[in-house]
Amino acid sequence: AVLVGAVLPFVPFVGRVARIAATIAHEVGHCVVVVPFGGRIDRIDLHADGSGEAWVRLGRVPGAVRWLVRVLNLFAGYSAPVWAGVLLLTGVLDGSRWLPVAVLAVIGLVALAFVRNWFGLLVVVGFDALALWVALRPSEATVLVVAAVGALFVVDGLRSVVQVARWLLTGARVQTDFHIAAAEMRVPAVGWFVLFLAGNALAVWLAREPLLAVWDTIAAGLRALV
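Residues numbered from 1 in each chain as written. Predicted model: local features only at pLDDT ≥ 70, side-chain atom pairs only at ≥ 80, totals over all residues. Heavy atoms only, no water.

A. View of the nonpolar core. In this structure, Ile24, Ile44, Leu88, Leu104, Ile107, Phe127 and Phe153 are the most contacted members of the largest nonpolar core, which totals 34 residues. Residue contributions to this core peak at nine residues, all from helix H2 (residues 14-34). The residues contacting Leu104, other than those within four sequence positions of it, are Leu88, Phe127, Ala131, Val134 and Val146. Of all hydrophobic cores here, the second largest spans 13 residues; its members include Val71, Leu168, Phe178 and Phe193. (Core = buried A, V, L, I, M, F, W, Y, C linked by side-chain atoms within 4.5 Å. Buried < 20%, exposed > 50% of the residue type's maximum accessible area, 1.4 Å probe, protein only. Helix = DSSP H or I, 4+ residues; strand = E, 2+ residues; numbered from the N terminus. Contact = heavy atoms within 4.5 Å.)

Structure representation (structure tokens):
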């Protein structure tokens, strides 16, 4: 299941459909870090090409923490799929029923609250149906599905980060979270990307023990499979 989820983002057509799930997590990441501080999410749009947009307002965020919320908002998008996938895999491998349910529920309910276009709503309803199935009908099948979704989130999240790095190196004219931040604040997009990598590297180091335990379990399973 982990191998299937890891390969899905690279399968033609199917990968584009699968990546929409990771896009939901990306956009929900913006909501989770902005709304608690008084920020507003006007809407989230999901598109058939796998992309998405979250329309964020920080006008009501207290001035003393607005810069911090802006940085958290910047980092949350590309971080959310990776860390959501890590939590799903951790829950599966530790035999926890409620950790995967909580992760899927947060993503599904927040997306349902803010997605406004019809295509996005159809996708989110399907995602919420998956979350309900995992919560109400736990079985070996749900465990396998959650493992596949977790691997999909991690791999597609890392794929997106590598893609942004390639765009920055080649100077491609694209509009990522880092380019938006560069237009609003006096730090180039490359600088924001380096800070993003440093912040996540620090998070990985702090969580290294449980992350290594998860990796060791997956590596042992892969060796056995091979």
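Right, picking up where we left off after that structure.
B. How the structure looks around the confidence of the model for the chain. Here the chain averages 90 in pLDDT, while 100% of its residues score no lower than 70. The lowest-confidence element of the chain is strand S2 (residues 52-57), averaging 86 in pLDDT; the highest-confidence one is helix H8 (residues 189-206), averaging 95. (pLDDT = per-residue confidence, 0-100.)

C. Geometry of the pairing of strand S1 (residues 40-46). Alignment of S1 against S2, held across six bridges, turns out to be antiparallel. When the bridges of S2 are listed, Leu46 appears paired with Gly52. Linking S1 to S2, which pair antiparallel, is a turn of five residues; within it Gly50 sits at a positive phi near 95°. (Pairing = 2+ DSSP bridges.)

D. Structural view of the packing of aromatic side chains. Here the structure, examined in full by the defined rule, presents six aromatic pairs. Ring geometry for Phe75 and Phe196: centres 5.9 Å apart, planes at 70°, overall edge-to-face. One end of the pair, Phe75, is in helix H3 (residues 63-93); the other, Phe196, is in helix H8, with 121 residues separating them in the sequence. Phe196 carries the same exposure label as Phe75, and that label is buried. (Phe/Tyr/Trp six-rings, centres within 6.5 Å; stacked < 30°, edge-to-face > 60°.)

E. Geometry of the side chain of Asp177. By the secondary structure assignment, Asp177 is in helix H7 (residues 177-184). Notably, Asp177 is buried but unbridged: the nearest opposite-charge side chain belongs to Arg70, and the N-O separation is 7.0 Å. Reaching out from Asp177, the side chain makes a polar contact with the side chain of His26 at a distance of 3.2 Å. With residues up to four places along the chain from it excluded, the contact list for Asp177 reads His26, His30, Leu74, Gly77 and Tyr78. (Lys, Arg positive; Asp, Glu negative; His and termini not counted. Salt bridge = Lys/Arg side-chain N within 4 Å of Asp/Glu carboxyl O. Polar contact = N/O pair within 3.5 Å; in protein donor to acceptor, adjacent residues only side chain to side chain.)

F. Spotlight on the environment of Gly171. Structurally, Gly171 can be placed in the loop between helix H6 (140-170) and H7. Its relative accessible area of 55% is what places Gly171 among the exposed residues. Along the backbone, Gly171 and Ala220 are 49 residues apart, and their C-alpha atoms lie at a distance of 40 Å.

G. Broad picture of H6. Taking 1.5 Å per residue as the helical rise, H6 with its 31 residues ought to reach 45 Å, and the 45 Å between its terminal C-alpha atoms agrees with that figure. Sitting at the amino-terminal end of H6 is Ser139, which places a side-chain oxygen 3.3 Å from the backbone nitrogen of Ala141. (Expected span 1.5 Å × (residues − 1).)

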